[in-house]
Amino acid sequence: MNAGALNAVVPMACVTAAGIAAMLAEAFREPGERMPIAGLGAVGLVGAALAAVLLWNHNASSFGLVTADNFGLFVTMILVIVGVLSVAISGPTVERERLPAGEYYALLLFALAGMMLMATATDLLVMFLALEVLSLAVYVLTGLRRDSPVASEAAFKYFLLGAFSSAFFLYGIAFTYGVTGSTHLDRVGSLIAAQAMAPTAMQRLAAGLLLVGFGFKVSAVPFHMWTPDAYEGAPPPVTGFMSTGVKAAAFAAFVRVFLSAFEPMRADWGAILWVVAAATMVLGTVVGVVQSSVKRMLAYSSIAHGGYLLVALLAANDLGKGAVLFYLLAYAVTNLGAFGVIGLLESSARQSPATSHQPPQNDQVRDYAGLGHTHPVLAGLMTVFLLSLGGFPPMAGFIAKWYVFSAAMKAGDSGLAIIGVLTSVVSVFFYLRLVVMMYMTEGERPATFPAVPRIAGFALVVSAILVFYLGILPARVLDWAAASISTIF
Amino acid sequence: MNMVAVNHYLVLSAMLFAIGAAGVFVRRNLITILLSIEIMLNAVNLTFVAFGRALGSVDGQIIVFFVMTVAAAEAAVGLAIVITLFRHKESLNPDSFTSLKW
């Protein structure tokens, strides 16, 4: 075995090394000594980004289990952006909530390594292991505020349903193995293609169980129950991290499994997924309208966005496949920005220890009243992110949705496109409600917000710039997305 | 001579999986719910071993080792979360945890 055989795992190795370094730094830290642990994470992520750039177009493969094709590398780059922004916006929350910094950043980095592995795995067993690596880290991150009953409860609900869905996913892998004698996606794909005319009951069972497993991870209806609770209970930067990172990794694996290996059985799973996509968009939007908590509202919005991604996956034409990648990137930048703002506002209200046993403060829509006057910059950034989530031009969200719906129209699926456009219009209502609250309602009390830390503020500005860049000049990124998706299909 | 065909194992493991899945929803104790999830994972293990034997390949048995490792890690994290929950409410009944709407 030559050293080149390890090339494809270099990005996740960088991130894992940074995670281990973060753990060691915490272990050897003198009490009270401050260490730049977040900086370590950033170094590892930059290393991963460099490795991904160098591996571009090389189609490197390690052990036949991990393939760094351009599709996987594009998702890796999205995950690096997610990681850098999450690390940058985590600082204020970690400090104010007195979370253990070493554990926090180490878990974040291990979760990222699992996500990168999931995006590049070409073997179902490795995909399962990657899924568990990322899930276990994210369960712990959700419950890291141990003094808060809400956080523990959210972590348990997330853990319970996550472990439950992993069992289904694994059962699906077992049947795939039984039918084809292999867990390798290439072999699985060729054997399923050979019997595509008349799939056996066991093949259908395998596809169905895998669909349930992926459905839980991308929080598609009817497997979405954990999402609002987990998103509400977790610290805001973690919510931003898991709503974007876990979604990106899960959709990358979803696309890889269902548009390559199980593509020949499309007639069997296509109709089910159509109903799931429609239900996900409608439920996410309709229930989102009645929420009074900002984090729960964004959780239902995240469910609805999962539905739009499913529409792009179902369209399955070149436009749709490119749209999945572009949408994941646009959503990652936008949503992390929004949760960064929420994190700054929420943590600023929790400074007195007496409130630590209460549910998260500053989380209700009415708490945002008058923010446009008391903190115009944060309110302006939040407005940009919310409008992008709602799909206003010229923000990233508009282009992303436009490509998804035009892909659906091109695939002849006008029904889903119409449902998608209608639910987007409805969703604008609850995004705008928050904007109206910030600018046109007087706050009850003179809210005091501490100065925004420089790194977090910088990250938010960068997110906003990226939102406009992807919205105004999307051509180059779209070309990359289209080019990278063509390497696996 | 092969009295027990692969289908018998598959039916048994499907039954175990169903028992585990039902236990997650029916039982009213957090520890029992965790055990139900372990039953589901072990049902899958049985499926892997049965298929591995039927196909005459050793892959199925090797996969089980990975799954067992993952199950152990999952149990550790799950129990840790249950302990933090118990410290808040001194209860293992899932109905007593209602800070978040389901």
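Residues numbered from 1 in each chain as written. Chains lettered and ligands numbered in written order. Predicted model: local features only at pLDDT ≥ 70, side-chain atom pairs only at ≥ 80, totals over all residues.

Turning our attention to the overall build of chain B. Helices and strands together make up the secondary structure of chain B, namely three helices and zero strands. For chain B, the α and β elements follow one another from N to C terminus as α-α-α. Considering only C-alpha atoms, chain B reaches an extent of 55 × 25 × 20 Å along its principal axes. Split into buried and exposed, the 102 residues of chain B put 30% on the buried side. Taking the contacts inside chain B whose residues are at least 6 apart along the sequence as the reference set, 49% of them involve residues at least 24 apart. (Helix = DSSP H or I, 4+ residues; strand = E, 2+ residues; numbered from the N terminus. Buried ≥ 20, exposed ≤ 12 C-beta atoms within 10 Å, placed from the backbone. Contact = placed C-beta atoms within 7 Å.)

Turning our attention to the overall build of chain A. Assigned secondary structure in chain A consists of 19 helices and two strands. With the C-alpha coordinates aligned to their principal axes, the bounding extent of chain A is approximately 70 × 55 × 40 Å. Looking at the 489 residues of chain A, the share that counts as buried comes to 63%. Sequence-distant contacts, at least 24 apart, represent 80% of the contacts inside chain A between residues at least 6 apart.

So, on to helix α5 (residues 124–142) of chain A. Its 19 residues place the ends of α5 of chain A 26 Å apart at the C-alpha level, agreeing with the 27 Å of an ideal helix rising 1.5 Å per residue. Among the 19 residues in α5 of chain A, 19 count as buried, and that is most of the element. (Expected span 1.5 Å × (residues − 1).)

Counting residues at the interface gives 30 residues for chain B and 31 residues for chain A. Among the secondary structure elements, those contributing two or more residues to the side of chain B that touches chain A are α1 (6–26), α2 (30–55) and α3 (59–89) of chain B. Tallying contributions element by element places α3 of chain B first for the side of chain B that touches chain A, with 14 residues. A breakdown of the residues in the side of chain B that touches chain A according to their chemical character gives 22 nonpolar, seven polar and one charged. (Nonpolar A, V, L, I, M, F, W, Y, C, P; charged D, E, K, R; others polar.)

Model confidence for chain B is summarised by a mean pLDDT of 89, while 94% of its residues fall at 70 or above. The complex prediction reports pTM at 0.93, with the ipTM value standing at 0.94. (pLDDT = per-residue confidence, 0-100.)

Turning our eyes to something else, we now look at unusual backbone geometry. Across the junction of Val-221 of chain A and Pro-222 of chain A, the peptide omega takes the value 5°, indicating a cis bond. Relative to the helices and strands, Pro-222 of chain A is located in the loop between α8 (201–217) and α9 (226–233). Note the cis peptide between Pro-393 of chain A and Pro-394 of chain A, where omega equals 5°. Counting through the fold element by element, Pro-394 of chain A comes out in the loop between α15 (376–390) and α16 (396–410). Within the chain, Arg-98 of chain A stands out as a residue other than glycine whose phi angle is a positive 55°. Relative to the helices and strands, Arg-98 of chain A is located in the loop between α3 (70–96) and α4 (101–120). Phi is positive for Glu-90 of chain B, close to 55°, though the residue is something other than glycine. Relative to the helices and strands, Glu-90 of chain B resides in the segment after α3. A tally of 8 C-beta atoms within 10 Å means that Glu-90 of chain B is categorised as exposed.

The next thing to look at is the environment of Leu-6 of chain A. As for its position among the elements, Leu-6 of chain A is in the segment before α1 (10–27). Placed 57 residues apart in sequence, Leu-6 of chain A and Phe-63 of chain A show a C-alpha to C-alpha distance of 7.9 Å.

To continue, consider the confidence of the model for chain A. All names here are of chain A. On average, residues of chain A score 89 in pLDDT, and 94% of them are at 70 or above. Per-element confidence in chain A is highest for α5, whose mean pLDDT is 95, and lowest for helix α14 (residues 371–374), whose mean pLDDT is 84. Throughout residues 350–360 the model reports pLDDT below 50, and contacts reaching past four residues in sequence, or to other chains, amount to eleven contacts.

Quick look at helix α17 (residues 414–440) of chain A now. Residues and elements named next belong to chain A. Look at α17: 38 Å from first C-alpha to last across 27 residues, which is about the 39 Å you get at 1.5 Å a residue. Listing the buried residues of α17 in full gives Leu-416, Ala-417, Ile-419, Gly-420, Thr-423, Ser-424, Ser-427, Phe-430, Tyr-431, Leu-434, Met-437 and Met-438. Buried residues along α17 sit against α11 (266–289), α12 (294–315), α14, α15 and α16.

Here the focus is the nonpolar core. Residue and element names in this part refer to chain A. Met-118 and Tyr-327 are the most contacted members of the largest nonpolar core, which totals 224 residues. In terms of residue count, helix α6 (residues 149–180) provides more of this core than any other element does, 21 residues in total. Look past the residues within four positions of Tyr-327 in its chain and what remains in contact with it is Tyr-308, Leu-309, Ala-312, Ala-400 and Val-404. (Core = buried A, V, L, I, M, F, W, Y, C linked by C-beta atoms within 7 Å.)

Before going further, it helps to examine the packing of α2 of chain B against α3 of chain B. Residues and elements named next belong to chain B. Remark: α2 packs on α3, axes separated minimally by 9 Å, with the N-to-C direction vectors making an angle of 175°. Looking at the two axes, α2 sits roughly antiparallel to α3. Counted together, Leu-30, Ile-31, Leu-34, Glu-38, Leu-41, Val-44, Asn-45, Phe-48, Val-49, Phe-51 and Gly-52 of α2 and Asp-59, Gly-60, Gln-61, Ile-63, Val-64, Val-67, Ala-71, Ala-75, Gly-78, Leu-79 and Val-82 of α3 form the full contact between these two elements. The residue makeup of the contact of α2 with α3, split by class, is 15 nonpolar, five polar and two charged. (Axes fitted to C-alpha atoms, helices over the stretch in contact; angles between N-to-C directions. Parallel < 35°, antiparallel > 145°, perpendicular 65-115°, else oblique.)

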